[in-house]
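Understanding the architecture of this molecule
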Amino acid sequence: MGGSFIISQADKRPLYLQIMEQIRQRIAVGDWASGQSIPSIRQLAVDIGVSVITVKRAYLELERDGVIVTRQGKGSFVASDAHVGTRIREQELAQHLEQAVRSAALLGLSPKDLEKRIRASYDRVADAEKESV
Amino acid sequence: MNELAVELEGVCKSYRFFELDDIALQLPSGTIMGLIGPNGAGKSTTIRILMGLVHQDRGEVRVLGHSMPDEQVAAKWDVGFASDDMRLYDSLTLGWHMNFMKSIYESWDAGYAQLLLKKFGLHADQKIKGLSHGQRVKATMLLVLARRPKLLVLDEPTTALDPVARHEILRELTDVMVDEDRSILFSSQNTQDIEQISDRITFIDRGRIIDSMDKEAYLDRWRRLRLEVPVGVALPALPGIIGIRQTGRLAVVIANAFEADLPGAYENSGARVQAVENMTLEEIFVANVERSREGVTV
Amino acid sequence: MNGSVVRQLALKDWRLHRLQVILSVAAGAAALGLFQIGREIPVVLGATWFFVTLVLLACMLPMSNVVNERKKHNLAFVMSLPISPRQYAMAKILSTFGMFLVSWAILVVAAVWLIEARFPHGVIPVSVVLTGLVLTGFCLMASVAIVSESEGWATAAIIVCNSSYGVIWYLIIRVPETAKEVGGAVAVWSPRVLRILATEAALVIFCLGLTFYLQSRKRDFI
């Protein structure tokens, strides 16, 4: 189950973040279904080929975000509420927006300027989608 | 059962031109510890003392609960050791070595040994002298791994290996961790390997331990901040920083005890934080050694 | 459980050096074959060749069995096995002395038997003394190699021993009584000869004992 995880030292982000992201992806697209049991920390660490402590951290953070649940003696599971996928997407969006705000600040943009930029991007993406259809 | 696979306390050893000073180290069962440090830092000496091959001048050494070097025989039944300066017998075959190990260790797993032969691309009836460096290293690792020892002590197991061979060995090492009673201690110059598979990291430089802790917590303490410093602004001295390098209006700050409020503190002083970056273990390694050599205390 | 590791190590040494030992014994046997010819020159040649074979084996075994293991970094491999420095020393003493003693015994018994059958027996005691000399020399060289762990010291021991054979042989043979006994038809085990043999035996035991003792006090392998 962990065989298709790709972690890269070239990626500037820490390993545990990469693992978290790939777990979120699997849950968001439904490969890891809501309520389904997932590999133990040790098993996933061995499958991916990383240290146990890295997977442990990833699991802890995911649990904190409500994406997975660990039950004593039973193992770990994808959170069983139906909105897990949505919650993940929400968390991603929040992260992206925060990054946008920080970048805008570096450029010296005001909130209104940022709004205009977001609107422009929205239009661009919508056009691109229309064309690809 | 002792929950510490390896324990060193107050270990000292003096040689004519080198001294190991007050080495303390703990490896909990079921974990992997990576030992890093520059050449000549004392990694190999520490490992030899751990294996009972060298007697410490002072201090306690316990391996799998056995006091070293007095109880080394008992310990070595369950410890697999491989070092990069170790050689097998040139004129004999790999198969002979495998039988030799089998005749000594009851725990020898012949099936696993055959599997490793295939995985590593080796042949039992090849003479050791006919093997390339990479093949020799893999052969030595095979002899260690097929016994399934409780503790693996490896001195530079992946040095000078091609990327594929390195990957094969790392794979087998992480596979060992399926069993939570087994532990690994390895030293390496390859910070990528250490960063990827270690649960704990220990830094040695010039015979002293600089850091020894949980890898994730350790990596989390280090950050590189890129700042834009307007004219007239002086960067304040803040805690948790070990170095600042400023050229013109750009500055790079290395923090080894990063707190979440650090960027804010710089912003308050008038500087602009352009980026807060995680550091790779290699970058931490270099920063750490430079700091310890300059004698800067934290 | 550990006696078996010592045994495996000694067997390993035999496996590594069996060709060397077998060839030496064969060469010594071939030398004895020259004795069969019976004439003066072949006999002298055979005797010299025999002696040289023994001396060569006595020098080569300590070097290849003891010194080389350290030189070629095989020692780290051996020391990772479940044995202590003392047990390693025992295995080394066992294999080194064992291989030489067996070869030496075979060759000496064959030589004595051959002489007894075809030659005047007077020459037997000094022959035994002489081969005993090589045995003593071997014990010294092996002990130095095992204890010093140094190629330099082992080489020095080899040079000292080999240089002494000639002198000691001269000292033995120039005593008029000895020369007469050698020429005789009967083997004379005079007090002189017995004293020399006793000295050789004492030296052998002393070397072995000292080696055991010094090795058991070693704290570091590498």
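As the structure is a prediction and not an experimental result, all values here were calculated from the model. (Residues numbered from 1 in each chain as written. Chains lettered and ligands numbered in written order. Predicted model: local features only at pLDDT ≥ 70, side-chain atom pairs only at ≥ 80, totals over all residues.)

1. Let's talk about the overall build of chain B
Within chain B, the secondary structure is distributed over 10 helices and 14 strands. Dimensions of chain B along its principal axes, counting C-alpha atoms only, are 75 × 40 × 35 Å. Each of the 298 residues in chain B was classed as buried or not, and the buried ones make up 44%. (Helix = DSSP H or I, 4+ residues; strand = E, 2+ residues; numbered from the N terminus. Buried ≥ 20, exposed ≤ 12 C-beta atoms within 10 Å, placed from the backbone.)

2. Here we look at the overall build of chain A
Secondary structure summary: chain A contains five helices and three strands in total. Counting from the amino terminus, helix and strand elements in chain A follow one another as α-β-α-α-β-β-α-α. Over its C-alpha trace chain A gives a radius of gyration of 18 Å, far above what one expects of a compact globule, namely 14 Å for 133 residues. Each of the 133 residues in chain A was classed as buried or not, and the buried ones make up 23%. Within chain A, counting contacts between residues at least 6 apart in sequence, those at least 24 apart form 57% of the total. (Rg over C-alpha atoms; globule rule 2.2 N^0.38 Å. Contact = placed C-beta atoms within 7 Å.)

3. Observations concerning the interface of chain A and chain B
Across the contact, 16 residues belong to chain A and 20 residues belong to chain B. Of all elements in the fold, only α1 (15-29), α2 (41-48) and α3 (52-64) of chain A reach the threshold of two or more residues within the side of chain A that touches chain B. Of all the elements, α3 of chain A adds the most residues to the side of chain A that touches chain B, at four residues. Class assignment of the residues belonging to the side of chain A that touches chain B gives a composition of nine nonpolar, four polar and three charged. (Nonpolar A, V, L, I, M, F, W, Y, C, P; charged D, E, K, R; others polar.)

4. A look at the domain arrangement of chain B
Taken domain by domain, chain B consists of domain 1 (4-218) and domain 2 (223-278). One C-alpha centre belongs to domain 1 of chain B, the other to domain 2 of chain B, and the line joining them spans 40 Å. (Domains from an automatic or database assignment.)

5. A short note on the sheet that holds strand β2 (residues 19-28) of chain B
Residue and element names in this part refer to chain B. Pairing is antiparallel across the open sheet formed by four strands, whose spatial order is β2-β1-β4-β5. Each edge of the open sheet is held by one strand with a lone partner, namely β2 and β5 (66-67). Bridging between strand β1 (residues 4-14) and β2 involves seven bridges; their strand directions are antiparallel. What sits directly across from Val6, in β2, is Leu27. Against the sheet, helix α1 (residues 43-50) contacts β1, β2 and β4 (58-63), and its axis sits at roughly 115° relative to β1. (Pairing = 2+ DSSP bridges. Axes fitted to C-alpha atoms, helices over the stretch in contact; angles between N-to-C directions.)

6. Quick look at the domain arrangement of chain A
Accessible area lost upon the coming together of the parts is a frequently used measure of interface size. Looking at the assigned domains, one finds that chain A contains domain 1 (15-78) and domain 2 (84-132). Contacts between the two partners involve eight residues from domain 1 of chain A and, on the opposite side, six residues from domain 2 of chain A.

7. Let's talk about the interface of chain B and chain C
Facing the 19 residues of chain B at the interface are 20 residues of chain C. Elements that contribute at least two residues to the side of chain B that touches chain C include exactly α2 (72-76), β6 (79-83) and α3 (94-104) of chain B. When grouped by side-chain class, the residues that make up the side of chain B that touches chain C number 10 nonpolar, five polar and four charged.

8. What to know about the sheet that holds strand β9 (residues 200-205) of chain B
All names here are of chain B. Spatially, six strands are ordered β6-β7-β8-β3-β9-β10 in an open sheet, and the strand pairing comes out mixed. Each end of this open sheet is capped by a strand with a single partner; those strands are β6 and β10 (208-214). Averaged over all adjacent pairs, the angle separating strand axes in this sheet is 10°, with direction ignored. Relative to strand β8 (residues 183-187), strand β7 (residues 151-155) runs parallel, the two sharing five bridges. Paired with Leu151 across the two strands is Ser183, which belongs to β8.

9. Some words on the pairing of β7 of chain B
All names here are of chain B. Most of β7 sits inside the fold, with five of its five residues counted as buried. Neither face of β7 is open: one carries Leu151, Val153 and Asp155, the other Leu152 and Leu154, and all of them are buried. Sheet topology places β6 next to β7; five bridges connect them, and they run parallel. Within β7, the residue paired with Ala82 across the bridge is Leu154. Crossover handedness for the path β7 to helix α6 (residues 163-176) to β8: right-handed. (Right-handed = clockwise from strand over helix to strand, strands pointing away.)

10. Re the environment of Arg293 of chain B
Along the chain, Arg293 of chain B turns up in helix α10 (residues 281-294). Counting along the chain gives 217 residues from Arg293 of chain B to Lys76 of chain B, while the straight-line C-alpha distance between them is 36 Å.

11. Considering the confidence of the model for chain A
Here chain A averages 86 in pLDDT, and 95% of its residues register 70 or above. Ranking the helices and strands of chain A by mean pLDDT puts α3 of chain A first, with 94, and helix α4 (residues 84-107) of chain A last, with 82. (pLDDT = per-residue confidence, 0-100.)

12. Section: unusual backbone geometry
What you tend to see is this: most non-glycine residues have negative phi, and most peptide bonds are trans. Residues and elements named next belong to chain B. Cis geometry is adopted by the peptide bond preceding Pro69, which originates at Met68 and carries an omega value of 5°. Secondary-structure assignment places Pro69 in the loop between β5 and α2. Positive phi, close to 50°, is recorded for Arg206, a residue that is not glycine. As for its position among the elements, Arg206 is in the loop between β9 and β10.

13. Points about the packing of helix α4 (residues 110-120) of chain B against helix α5 (residues 133-145) of chain B
All names here are of chain B. Where α4 contacts α5, the axes come no closer than 10 Å and their chain directions differ by 160°. Relative to α5, the element α4 lies roughly antiparallel. As for how α4 packs across α5, the hand of that crossing is right-handed. Counting all contacts with α4, which are made through Ala113, Leu116, Leu117 and Phe120, the residues of α5 involved are Lys138, Leu142 and Leu145. (Parallel < 35°, antiparallel > 145°, perpendicular 65-115°, else oblique. Left-handed = near helix turned anticlockwise from the far one by under 90°.)

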